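Descriptive analysis of the structure
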Amino acid sequence: MTDELKTQSTDNKNPSRLSSIKGKFEDAFGSPPTFIASAPGRVNLIGEHTDYNDGYVFPVAIDKYINIAVRERSDRRVVVHALDVNESWDFCLDTLPSIPRQAPAWSRYLIGVASLLQAAEKKIAGIDAVITGDVPIGAGLSSSAALSVAATLAFLTAGSETEMLISEKDKTELAELCQRVEHEFAGVKCGIMDQTISLLGQENCGLFLDCRSLTYEQVPLNLTDHVIAICNTRVKRELAASEYNKRRAECEKGVEILSQWLPGITSLRDITLPDFKKHEEELPALTQKRCRYVIEENTRVVEAVSVLKARNQQTDESLIAFGNLMNASHNGLRDDYQVSCMELDLLTDIARDITGVVGSRMTGAGFGGCTVSIVHKDALAAFESHVTTGYHEKIGVEPEIYLCHVSGGAHVFWR
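An account of the accompanying structure is given in this report. Every chain begins its residue count from 1, and numbering advances along the sequence as written. For a predicted model such as this one, the threshold for reporting local features is a pLDDT of at least 70, and the threshold for listing and counting side-chain atom pairs is 80 or more; totals across whole chains, interfaces and linings nevertheless cover every residue. Think of the side-chain values as coming from all heavy atoms in the structure, minus any hydrogens and water.

1. Regarding the nonpolar core
In a soluble, globular protein the nonpolar side chains are often hidden away together inside. Side-chain atoms within 4.5 Å link the members of a nonpolar core, which is a set of buried Ala, Val, Leu, Ile, Met, Phe, Trp, Tyr and Cys residues. Burial classification: accessible surface area is computed with a 1.4 Å probe over protein chains only, and a residue below 20% of its type maximum counts as buried, one above 50% as exposed, and the rest as partly exposed. Ranked by size, the top nonpolar core spans 86 residues in total, and within it Phe-58, Phe-91 and Phe-155 carry the most contacts. Each helix is a run of H or I in the DSSP string that is no shorter than four residues. Each strand is a run of E no shorter than two, and both are numbered from the N terminus. Per-element tally for this core: the top contributor is helix H3 (residues 143–158), with 10 residues. Residues count as neighbours in contact if any of their non-hydrogen atoms are within 4.5 Å of one another. Not counting residues within four places of it along the chain, the set of residues in contact with Phe-91 comprises Arg-76, Arg-77, Val-78, Leu-96, Leu-110, Ile-111, Ala-114 and Phe-155. If you look at the next biggest cluster of nonpolar residues, it comprises 26 residues, including Val-188, Ile-265, Leu-283 and Tyr-293.

2. Notes on helix H4 (residues 168–186)
Across its 19 residues, H4 extends 26 Å between first and last C-alpha, which sits within 8% of the 27 Å expected from 1.5 Å per residue. Where H4 is concerned, the buried positions are Glu-168, Lys-171, Thr-172, Leu-174, Ala-175, Leu-177, Cys-178, Gln-179, Val-181, Glu-182, His-183 and Phe-185. Gly-187 lies just past H4 and shows a positive phi near 75°. By this rule the span expected of a helix is its residue count minus one, scaled by 1.5 Å.

3. So, the environment of Asp-90
Looking at where Asp-90 falls in the secondary structure, it is placed in strand E5 (residues 87–92). Overall, the relative accessible area of 38% leaves Asp-90 in the partly exposed class. When the C-alpha atoms of Asp-90 and Val-80 are compared, they prove to be 6.0 Å apart, with 10 residues separating the residues in sequence. Once residues within four sequence positions are removed from consideration, Asp-90 is found in contact with Arg-77, Val-78 and Val-79. N or O atoms closer than or at 3.5 Å make up a polar contact, with two conditions inside protein: a donor-capable atom paired with an acceptor-capable one, and, for residues adjacent in sequence, both atoms drawn from side chains. Within polar-contact distance, the side chain of Asp-90 engages the side chain of Arg-77 at 2.4 Å.

4. Considering H3
The terminal C-alpha atoms of H3, which comprises 16 residues, lie 22 Å apart, in line with the 22 Å expected from a rise of 1.5 Å per residue. Among the 16 residues of H3, 15 are classified as buried, and the element is accordingly described as predominantly covered.

5. Remarks on the pattern of salt bridges
By salt bridge we mean one thing: a side-chain nitrogen of Lys or Arg within 4 Å of a carboxyl oxygen of Asp or Glu. Applying the stated criterion across every chain, the model contains 25 salt bridges. For Arg-180, the salt bridge identified is with Glu-184, shortest N-O distance 2.8 Å. Taken as a pair, Arg-180 and Glu-184 lie in helix H4 at a separation of 4 residues, close to a single helical turn. The exposure class of Arg-180 is partly exposed, given its relative accessible area of 40%. What makes Glu-184 partly exposed here is its relative accessible area of 47%. In this structure, Lys-278 and Asp-275 form a salt bridge, with 3.8 Å as the shortest nitrogen-oxygen distance. A residue pair is termed a helical-turn pair when its members lie 3 or 4 positions apart in one helix, as Lys-278 and Asp-275 do in helix H7 (residues 273–279) at 3 residues. Among the ionic contacts, a cluster of salt bridges with common partners joins Glu-48, Glu-296, Glu-297, Arg-300 and Arg-361.

Next up, the structure:
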């Protein structure tokens, strides 16, 4: 099946975000951009830290975006202004993949995308570009994946002689390329989830993704009277990158040890909970906790998708069951995987005590960032009030709260 990346203005829920970046581009370069590449952030409803263990995840794309306004150049230079950090950088496509030491962190994603596209013999061109967006940076909503995806569309579109059609198969390949950018140019050994949902997201659907085979199913959410509420702790995730890589190494260690009794396993995805319980005492205590969380979380994702499908048949109890699985996911992240923090725990505790909140958990790599809650629309006022007041009393700052719609994936908007 082919999915056209070009979209009409009626598909854009917030035209002002596009008109604003067009104006900024014209201010910077003297004339309008040719097109805008736009990619959404994401929130993962359940299935955290399972993706790099070849497991299951269930994210949704949200209506917060990284936008890149673009005009093709006649030479091989790339000139970029990143408005939200007030920085600029330029480089030449012919000198890649070298990265000067003074290059700003965000530029590594563009350099990485361009380098890997050229290595894959994709036709790309030099560009003038302006970047801006409303995906909060460092909040665990995948601003870096959205930047990589938007940059990929920007380079491919600028290098194309016609408006592009990209198949869903091609999108999964582009997601793998963007994942390599994180690994090879940003130094984060992330899984494939964030890039995939940014490319493949559909409105009102969660993506049930098998991170080994990259097969997926679009599962209608049908939340009807409920809203996805994201609460930002406003804690910088300074430990996230280093601890993320440590967790990955601990999971790999567990697989190596357990393979003595479970031959043929290559990741924690291959281990059932009953088999794990037979052999868990063979693992060091810390490795045991890490493995237990991942194996249990894979089971929770499968159960969560099942209950959501029952929800599609108007079984009200199923949404409560989904919320209970979200709560159990957070408990595992806090106690066994140990990637939560006091601020995340506080936000989930406050949310769970509010009537009308179905479930609440941390989302993203952890050590700060955001929680995600499913809240009945009639409880939104109480939710925002109690969360804001309760968090401020304990922490001294107010959390940022985003009420999100489930969005479609990356698009190119033509002027």
